[in-house]
Amino acid sequence: MDYIVADSNGIERGYLVASRKIDIDIGDTNDFELTLDADDYRKRGYGFGYRFYQEGTEYGGIFEDIKVVTKNNSVVIRGFTWRGLLSQKIILPPSSLAYLTVSGDANAVIAEVLGDAFGDLYAVESQPSGISISYQFDRFTDILTGLTKMLSRADARLNIYFSGGQVHLEALPVTDWSEQLEYGTDNHVSFTIRDYRQGINHLVCLGSGQLTDRQIIHLYLQEDGSIGSTQYYTGLQERMAVYDYSGAEDLDSLREGGLDRFAELLNYQEMSIAIQDIPVELGDIVGGRERITGMVIKKPVTNKVIKVTGNKVEISYKVGD
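So, here's what we can say about the structure. (Residues numbered from 1 in each chain as written. Predicted model: local features only at pLDDT ≥ 70, side-chain atom pairs only at ≥ 80, totals over all residues. Heavy atoms only, no water.)

### Observations regarding the nonpolar core
- Residues Trp82, Leu86, Tyr122 and Met150 are the most contacted members of the largest nonpolar core, which totals 34 residues.
- Those residues within four positions of Met150 in sequence are excluded, and the remaining contacts are Val102, Val109, Ile110, Ile133, Tyr135 and Phe137.
- Tyr3, Phe32, Tyr41 and Tyr59 belong to the second largest nonpolar core, which has 28 residues in total. (Core = buried A, V, L, I, M, F, W, Y, C linked by side-chain atoms within 4.5 Å. Buried < 20%, exposed > 50% of the residue type's maximum accessible area, 1.4 Å probe, protein only. Contact = heavy atoms within 4.5 Å.)

### What about the pattern of salt bridges?
- As enumerated under the stated definition, the model contains eleven salt bridges in all.
- The salt bridge partner of Asp138 is Lys149, with a shortest N-O separation of 3.0 Å. With Asp138 in the loop between strand 11 (132–136) and helix 4 (143–152) and Lys149 in helix 4, the pair connects residues that are eleven residues apart, well separated along the chain.
- A relative accessible area of 32% means that Asp138 is categorised as partly exposed.
- Classification of Lys149 as buried rests on a relative accessible area of 18%.
- Close ionic contact of Glu264 with Arg261 constitutes a salt bridge, the shortest N to O distance being 2.6 Å. With a gap of three residues between them, Glu264 and Arg261 both fall in helix 5 (residues 251–265), about one helical turn apart.
- On the accessibility criterion, Glu264 (57% relative accessible area) is exposed.
- Taking relative accessible area as the criterion, Arg261 reaches 31% and is therefore assigned partly exposed.
- The network of salt bridges with common partners includes Asp138, Lys149 and Asp260. (Salt bridge = Lys/Arg side-chain N within 4 Å of Asp/Glu carboxyl O. Helix = DSSP H or I, 4+ residues; strand = E, 2+ residues; numbered from the N terminus.)

### Some points on the environment of Gln127
- Note on placement: Gln127 falls in the loop between strand 10 (122–124) and strand 11.
- For Gln127, a relative accessible area of 51% puts it in the exposed group.
- Linking Gln127 and Ala108, residues 19 residues apart in sequence, is a C-alpha distance of 8.6 Å.

### Concerning the sheet that holds strand 16 (residues 202–206)
- Across the sheet, four strands lie side by side as 18-17-16-19; this open sheet has mixed pairing. With one partner strand each, in any of the chains shown, strand 18 (227–228) and strand 19 (240–244) form the two edges of the open sheet.
- The pairing of strand 17 (residues 216–221) with strand 18 spans two bridges and is classified as antiparallel. Looking at the pairing, Tyr220 lines up with Gly228 of strand 18. (Pairing = 2+ DSSP bridges.)

### Section: a negative patch on the surface
- Taken together, the side chains of Glu249, Asp250, Asp252 and Glu256 define an acidic patch exposed on the protein surface.
- With respect to the helices, strands and loops of the structure, Glu256 is situated in helix 5.
- Under the relative-accessibility criterion, Glu256 is labelled partly exposed at 37%. (Patch = residues over 30% accessible without salt bridge, like charges linked within 9 Å, V, L, I, M, F, W, Y side chains within 5 Å. Areas by Shrake-Rupley, 256 points an atom, 1.4 Å probe, with all protein chains shown as cover. Lys, Arg positive; Asp, Glu negative; His and termini not counted. Charge placed at Lys NZ, Arg CZ, Asp CG, Glu CD.)

### Remarks on unusual backbone geometry
- For Asn30, which is not a glycine, the phi torsion comes out positive at approximately 50°.
- Looking at the element boundaries, Asn30 is found in the loop between strand 3 (21–26) and strand 4 (31–37).
- Non-glycine residue Asp155 carries a positive phi angle of around 55°.
- Along the polypeptide, Asp155 turns up in the loop between helix 4 and strand 12 (156–163).
- Given a relative accessible area of 59%, Asp155 falls into the exposed group.

### Quick look at a nonpolar patch on the surface
- On the surface, a nonpolar cluster with roughly 310 Å² of combined accessible area is contributed by Ile90, Leu92 and Phe140.
- When you line up the elements, Ile90 lands in the loop between helix 2 (82–86) and strand 9 (101–105).
- By relative accessible area, which is 44% here, Ile90 ends up partly exposed.

### Examining the sheet that holds strand 13 (residues 166–173)
- Spatially, 10-13-12 is the arrangement adopted by the three strands of the open sheet, whose pairing is mixed. Of all the strands in the sheet, the pair left with one neighbour each is strand 10 and strand 12. Between one strand axis and the next, the sheet turns by 30° as a mean value, whatever way the strands run.
- Of the strand pairs in this sheet, strand 12 and strand 13 are connected by eight bridges, and their pairing is antiparallel. Paired with Ser163 across the strands is Gln166, a residue of strand 13. (Axes fitted to C-alpha atoms, helices over the stretch in contact; angles between N-to-C directions.)

Here it is as structure tokens:
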């Protein structure tokens, strides 16, 4: 499918020119880069605030960074994707409260959080999602991070697509494709699996206070992968780190912050898949099996990269926590 270009008012100006080279990242940097022939760029009259999109998908964004390269007579255009723009707005707690707390159907909550932050460019599905939400947002988190984290707690994901001149948002249940789509060497699919076991298993969390009066919580990784207050790994197997959160309001907030930090330091398994296309979206679950090491993992899709050169399209996925 071709990409459409519209001006800053949303009026369509035709399809993206033939000299296109497109690189779109969804789930990591959430941005795009277009490389066009300078003559095509001038002829089409593109400029700041213009939009490009592929109807029915979330592939697209707004032109916000334009660089002219005279050496090869090209113009490089960059900007955030529709998903990336959500990271540029902050969820502010009510003036009288420390946190924003929400409850209700997921789509109604998304609409409440989004408000009129993007005018009429963004629209939230009005029909109920059937996904129930009861959630407290982190203080001053961005909309993308907040909604993604909120929905993941309900085994759901944020679905984004462009249609009818608007960016549409809705909550959908996560789909587990691991049984139907388990990629391995037998499928002639190029992928990389990594099993990292140098992670932290004992986190010392330091809260408010000074010296012997300082709040301290010890968190320990358990054999089953959960986090507890009893030490499991000792001696040579123990790996320690310190989490400094002097601004913690109490032990509960110190523990919550410590759990989030611990998740970044643990052992992990990740899988990168390089294939032409598969029917999964960010947050969906896929599985991988590799015969050389016998490693099998089951992880959510966290990153999707679309690269277009002329008429050649390549889509790759990264899988991990």
